[in-house]
Amino acid sequence: MSIEKRMLVRELKLIAARPGDIFKPMWFTLLVISMVPLALAPDSQLLAEIGSAMIWVATLLALLLNTEHLFQSDFSDGVLEQWLFLDRPLAWLVGVKLIAHWLFNVLPLILITPVAGLMLSVSTEVLLALFITLLVATPALTCFSGLGAALTLGSSRSGILGVLVMMPLFVPVVILAAGVLIRATDGSDTLPLLALLGAFSVIAATLVPVAVSAAIRLNIGGSN
Amino acid sequence: MIFAPVKIEISALSCERDDRLLFNNLSVALESGQILRVAGPNGAGKTTLLRTVAGLFGIQDGVIQVNQLPLQECLDQIIYIGHKPQVTKDLTVLDNLKFLTDADEACLQKALDNVGLKGYHDSLVKELSQGQGRRCALARLWCVEAPIWILDEPYTALDVGMAKTLDARINEHVAVGGICLFTTHQPPQQLDYQILELGDVD
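It should be emphasised that the depicted structure is a prediction, and the values quoted were computed from it without experimental measurement.

Cut-offs applied
Residues numbered from 1 in each chain as written. Chains lettered and ligands numbered in written order. Predicted model: local features only at pLDDT ≥ 70, side-chain atom pairs only at ≥ 80, totals over all residues. Heavy atoms only, no water. Pairing = 2+ DSSP bridges. Helix = DSSP H or I, 4+ residues; strand = E, 2+ residues; numbered from the N terminus. Axes fitted to C-alpha atoms, helices over the stretch in contact; angles between N-to-C directions. Contact = heavy atoms within 4.5 Å. pLDDT = per-residue confidence, 0-100. Buried < 20%, exposed > 50% of the residue type's maximum accessible area, 1.4 Å probe, protein only.

Observations concerning the sheet that holds strand β3 (residues 35-39) of chain B
Residues and elements named next belong to chain B.
Alright, step 1. Overall, parallel pairing links the five strands, which are arranged β6-β7-β8-β3-β9 in an open sheet. Only two strands of the sheet have a single neighbouring strand rather than two, namely β6 (78-81) and β9 (194-197). Taken pair by pair, the neighbouring strands of this sheet meet at an average axis angle of 15°, ignoring direction.
Alright, step 2. Pairing of β6 with strand β7 (residues 148-152), which is carried by four bridges, proceeds in the parallel orientation. Of the residues in β7, the one forming a bridge with Ile-79 is Trp-149.
Alright, step 3. Sitting on the sheet, helix α6 (residues 160-175) touches β3, β7 and β8 (179-183), and the angle it makes with β7 is about 155°.

Laid out in structure tokens, this is it:
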């Protein structure tokens, strides 16, 4: 079996061993969403307007939650340093790991958004736009928070720090996504903004693994 | 199987950590069939030296070459086993081994039997004792083919029987042209090694 396949298989087995890793962020999203109508005045018009944005933000936070420790346990077990001895460039392996993470940990978060949308009475067209925006934007968000996780591997309060460091990179993605949702609500053309979001994800997916591998090397060099 | 001749040349290597000079102007050459034990008191820089030769630490000053090539191009010829567990607790013994090698299943099974983990292939590593976890990490020495072995305290947590098995495996490895670099505080009886003493640098 090639190392890429082995990495995907390992990721699936780890999820089977620690199912909480994917279910906790999913519960988190649904919990946040179910609290929104209770915290607002019971006004279904208002709910429908802000609903899609709430779901977007809740999904973003859940994604940050399950990505902040992406490399942590492999790093402290000494498994991550073994990646350097495999006959593939580290950046390539990091890319495979990020893809596996997106497939198995981030995609489930996106798949539950229709349920969340129903809870907030979001219209079908907007819900569809929301779903597509998340599909297109989350690869970039996964890459950025993965970079945050790799940069802060060596420090003890890594989670919060990694998110803070990467915050500026999340902002343009969130703004573009908000643009798509507003246009979908108006019924105007969302394609140009979606294309921009897609471009963002493609650039992130090509460049970020290189940066992540540099960060990992740096942290391995500083530890015993 | 016999390895092609390998040579590691370490020349004028120096390393400073936290304002302390660990080793200065260190030069060693190692060829196929040689075993080198890096010795010295705690904190002398044994792990640092091993991690530098394994390419995990950047070289501060000096040159390390493998067969006249820069070290970073030859990492796939190295097996490094450090003192971190090097295994994932939530995976089974066999799955841990599978991830790091592309050897076929029969070979992996045999490697695990060799390190005395027969009957534990499908146990999670977290259910094993520390010594058994160590055996799982060491099993790679039986199923990965790489000429250069860098072992940091490989005998830690091993019982007498397993230590002997490991000695035999190291002897077998150098007999077919491999190289072994290791550290330990319990000098093994059955190995014929050179010693590199670290410590006392001014």
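So, next bit.
Quick notes on the confidence of the model for chain B
Alright, step 1. Put simply, chain B has an average pLDDT of 92, and 99% of its residues get 70 or more.
Alright, step 2. The secondary structure element of chain B with the lowest average pLDDT is strand β2 (residues 20-31) of chain B, at 90, and the one with the highest is β7 of chain B, at 96.

Some words on the sheet that holds β2 of chain B
Residue and element names in this part refer to chain B.
Alright, step 1. Strand order in the open sheet formed by four strands is β2-β1-β4-β5, and the pairing between neighbours is antiparallel. Where the open sheet ends on each side, the last strands, each with one partner, are β2 and β5 (69-70).
Alright, step 2. Relative to β5, strand β4 (residues 61-66) runs antiparallel, the two sharing two bridges. Note on β5: the bridge partner recorded for Val-66 is Leu-69.
Alright, step 3. Taken strand by strand, helix α1 (residues 46-53) contacts β1 (7-17), β2 and β4, and its axis lies near 130° from that of β1.

What about the pairing of β3 of chain B?
All names here are of chain B.
Alright, step 1. Counted residue by residue, β3 has five buried out of five residues, so it is predominantly covered.
Alright, step 2. Of the two faces of β3, the one lined by Ile-35, Arg-37 and Ala-39 and the one lined by Leu-36 and Val-38 are each fully buried.
Alright, step 3. In terms of strand pairing, β3 meets β8 through four bridges, oriented parallel. Of the residues in β8, the one forming a bridge with Val-38 is Thr-183.
Alright, step 4. As judged from the four bridges shared by β3 and β9, these two strands associate in the parallel manner. When the bridges of β9 are listed, Val-38 appears paired with Leu-196.

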